[in-house]
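Observations on chain architecture
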Amino acid sequence: MILSKTPRLTLVSMSGLRVVDQRLLDLGLTMPGLKRRAAALGELPPLGLLTIAATVPGTWDVRLISDVGTEAVEETVDRILADRPDVVAFSCLTPAIDRAVAISQSLRERKVRTIVGGLHATAAPRTCEGRFDAVAVGDGESLLPRMLSDWSTGELGGVYRVEHPIAMSASPLPDWDLWGGAAPPRYTVQTMRGCPWACSFCAASRMLGPARVKPDPQIEREIAVIAGRQARPWIELADDNTFASDRDHEPMLEALRRAGARWFTESDWRIGLRPNLLRQIAGSGCRQILIGFESTVFRYPGMGAKTADFDRVVEAAMAIQQAGIVVNACFIVGADGETRASMDRLGEFLETAPFGEIQLTVQTPFPGTALHESLRRAGRLLPGDFSRYTLFDVVHQPDRISVPELRAGFQELVGRVYRPELQSRRGQIIKSVRSHARKNT
Ligand code: SF4
């Protein structure tokens, strides 16, 4: 194929929190806890796309568009077409895949070629085949250049798989210029990909390959680039379990401290057992860590050393807060063994729980996970499309209660835990953790 003009690639980020259950939308998303997290997720720059953008040959003109799922499909299609792209590449998680398919279909009818990648495409490529021109399975850094080269020879099509997961040293610096001049509310940095554990519900742990850490000099460069764009930036580490590896974390923490960053990440509770590390983390500007308490009624297979008695996890989380870092305690509702009584018990605990933030989600068996496979085999996946895989909608048959009971119990729990007086109580906890942190620095 002879190219007559500069080819154009539009990258589409399918971001935001998507909830199907209307009652939960009405109830939960008007409440501050969920609303804040939804806003934060919607505002996060799409790090994966900014990173693969840096692998695109200079002969291409690259654009970035964000779709948060709130406008009509045809409006999004029109926004994409306004850039007159030759190829459109989507990155999305499971709840956004049906919408990406609808957009792709409309673009293909207009002779625009489409690509999909990301966690859902990697976990369930068969659900994407035929709906996009090409499907990327695995690390996008090594696949996108191949796909674009195939487009230029008229051969783009089918499923592209990485032969070997890439080393993190081969992942380029994200192309922040593509984001434009305005500073995002939060920047994103990935310090490792994957997680050494394999919790059976987790879609992120090993989908893209084994756990891999990014070399320190690379992390330091990424943080320096962000600090050059904005003084005292807010940074969200786009890791699944930042402190799970046995690397020396000091160089990364020192780079965050030098940048004057305030930052957020996810980790497992065991950092609460490491007072020296906690001091370093707090001193480097960490404001909040999300800790997965997971289910209070079921021990998921694959949690490795993360498996522990509930009281031990609470104690570790308290140690994290005492070090001056707010804990966002994350609970899963609806695992095997859940009953109305166990949801009531969780509600009771959370009314007086000592954490600054609480996150409640419904057990969601994402494609590609061991949980999905076991529920599928048992015939316990509810029929319907992927747009319901939001972490807030019930998509499986619980073992001890009915689907309506789980749905109602979850809604009740959300109403109970996010009511204004508890929000303001947690606001006070956050203030006291922060003031303690200021005194110690
Ligand atoms: S520890 Fe967290 S990131 Fe790791 S496998 Fe479990 S849920 Fe996933």
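Throughout, residues of each chain are indexed from 1 in the direction in which the sequence is written. Totals for whole chains, interfaces and linings use all residues, but because this is a predicted model, local features are given only for residues with pLDDT of at least 70 and pairs of side-chain atoms are given and counted only at 80 or more. Side-chain metrics rest on all non-hydrogen atoms present in the structure, leaving aside hydrogens and water.

Glancing now at the packing of aromatic side chains. For Phe, Tyr and Trp, rings pair up if their centres lie within 6.5 Å, where Trp contributes its six-membered ring, and each pair is then called stacked (planes under 30 degrees apart), edge-to-face (over 60) or tilted (otherwise). Counted according to the given criterion, the structure contains 13 aromatic pairs. To sit over a ring, a charge needs its Lys NZ or Arg CZ within 6 Å of the ring centre and within 35 degrees of the ring normal. Its guanidinium or amino end placed over the ring of W234, R186 lies 4.9 Å from that ring's centre, counting from NZ or CZ. In this structure, R186 is placed above the aromatic ring of F264, and the distance from its NZ or CZ to the ring centre is 5.4 Å.

Let us now look at the sheet that holds strand β3 (residues 87-91). Between any two strands, pairing holds if DSSP finds at least two bridges. Each helix corresponds to a stretch of at least 4 residues labelled H or I by DSSP, and each strand to a stretch of at least 2 residues labelled E; elements are numbered beginning at the N terminus. The strand order across the open sheet built from 6 strands is β2-β1-β3-β4-β5-β6, with neighbouring strands paired in parallel fashion. Each edge of the open sheet carries a strand with a single partner, namely β2 (61-67) and β6 (158-161). Ignoring which end each strand starts from, the neighbouring axes of this sheet average 20 degrees apart. Bridge analysis of β3 against strand β4 (residues 113-117) gives 5 bridges, and the strand direction is parallel. Bridge assignment links A89 to a residue of β4, and that residue is I115. Contact between two residues is taken to exist if any of their heavy atoms lie within 4.5 Å; hydrogens are not considered. Axis lines are fitted through C-alpha atoms, for helices just across the contact stretch, and the angle between N-to-C directions can take any value from 0 to 180 degrees. With respect to the sheet, helix α4 (residues 73-81) is in contact with β1 (8-14), β2 and β3, its orientation differing from that of β2 by roughly 160 degrees. Packed onto the sheet, helix α7 (residues 140-152) meets β1, β3, β4, β5 (134-137) and β6 and runs at close to 145 degrees relative to β6.

Bringing the site of the ligand into the picture now. Within the structure, the ligand sits among C195, W197, A198, C199, F201, C202, S205, D240, N241 and K306. Only Asp, Glu, Lys and Arg are considered charged in this grouping, and only Ala, Val, Leu, Ile, Met, Phe, Trp, Tyr, Cys and Pro are considered nonpolar; every other residue, Gly among them, is considered polar. In terms of residue class, the shell around the ligand is made up of 6 nonpolar, 2 polar and 2 charged. One heavy atom suffices: a residue is near a molecule or strand as soon as one of its heavy atoms comes within 4 Å of it.

This brings us to the domain arrangement of the protein chain. Where a domain begins and ends is set by an automatic assignment or by a domain database. In terms of domains, the protein chain is made up of domain 1 (8-18 + 45-161) and domain 2 (186-440). On the side of domain 2, 21 residues touch domain 1, which itself brings 17 residues to the contact. Summed over both partners, the accessible area (1.4 Å probe) lost when two parts come together is defined as the buried area. Taken together, the two surfaces of domain 1 and domain 2 that pack against each other cover about 1500 Å², and 66% of this comes from carbon and sulfur. In the sections that follow, a salt bridge refers to a side-chain nitrogen of Lys or Arg positioned within 4 Å of a carboxyl oxygen of Asp or Glu. Our enumeration of links across domain 1 and domain 2 arrives at 3 salt bridges. Of the charged contacts in the structure, one is a salt bridge between R193 and E141, with a shortest N-O distance of 2.8 Å. The definition of a polar contact used here is a pair of N or O atoms within 3.5 Å, where within protein one atom must be able to donate a hydrogen and the other to accept one, and adjacent residues in sequence count solely through side-chain atom pairs. The interface formed by domain 1 and domain 2 holds 5 residue pairs in polar contact (both at pLDDT 80 or more) in total. Put simply, the parts of the chain that give the side of domain 1 that touches domain 2 at least two residues each are α5 (97-109) and α6 (119-123).

Strands sit in the order β7-β10-β11-β12-β13-β14 across an open sheet of 6 strands; the sheet is parallel. With partners counted over all chains shown, the strands left at the sheet margins are β7 (187-189) and β14 (357-362), one partner each. Across the sheet, the mean angle from the axis of one strand to that of its neighbour is 20 degrees, orientation sign disregarded. Two elements, strand β13 (residues 326-333) and β14, share 6 bridges in a ladder whose sense is parallel. The partner of F331 across the bridge, within β14, is L360. Contacting β7 and β10 (234-237), helix α8 (residues 216-229) runs over the sheet at an angle of about 170 degrees to β7. Against the sheet, helix α12 (residues 340-352) makes contact with β13 and β14, and its axis sits at roughly 170 degrees relative to β13, the strand it touches most.

All right, on to the nonpolar core then. Side-chain atoms within 4.5 Å are what join buried Ala, Val, Leu, Ile, Met, Phe, Trp, Tyr and Cys residues into a set we call a nonpolar core. Exposure is judged per residue with a 1.4 Å probe applied to protein chains only, and the accessible area is read against the type maximum: over 50% gives exposed, under 20% gives buried, and values in between give partly exposed. Formed by 78 residues in total, the largest nonpolar core has its most connected members in L9, I235, W263, I281, F293, F355 and L360. The leading source of residues in this core is helix α14 (residues 403-417), at 6 residues. Counting contributing residues, this core receives three or more from each of domain 1 (8-18 + 45-161) and domain 2 (186-440). Ranked by size, the runner-up nonpolar core spans 27 residues in total, among them V77, V112, C128 and F386.

Moving on, we get to unusual backbone geometry. Although it is not a glycine, R232 sits at a positive phi angle of roughly 45 degrees. For E294, which is not glycine, the phi dihedral falls at a positive 60 degrees. Within the secondary structure, E294 sits in strand β12 (residues 286-294). Among the residues examined, E294 registers a relative accessible area of 7% and is labelled buried.

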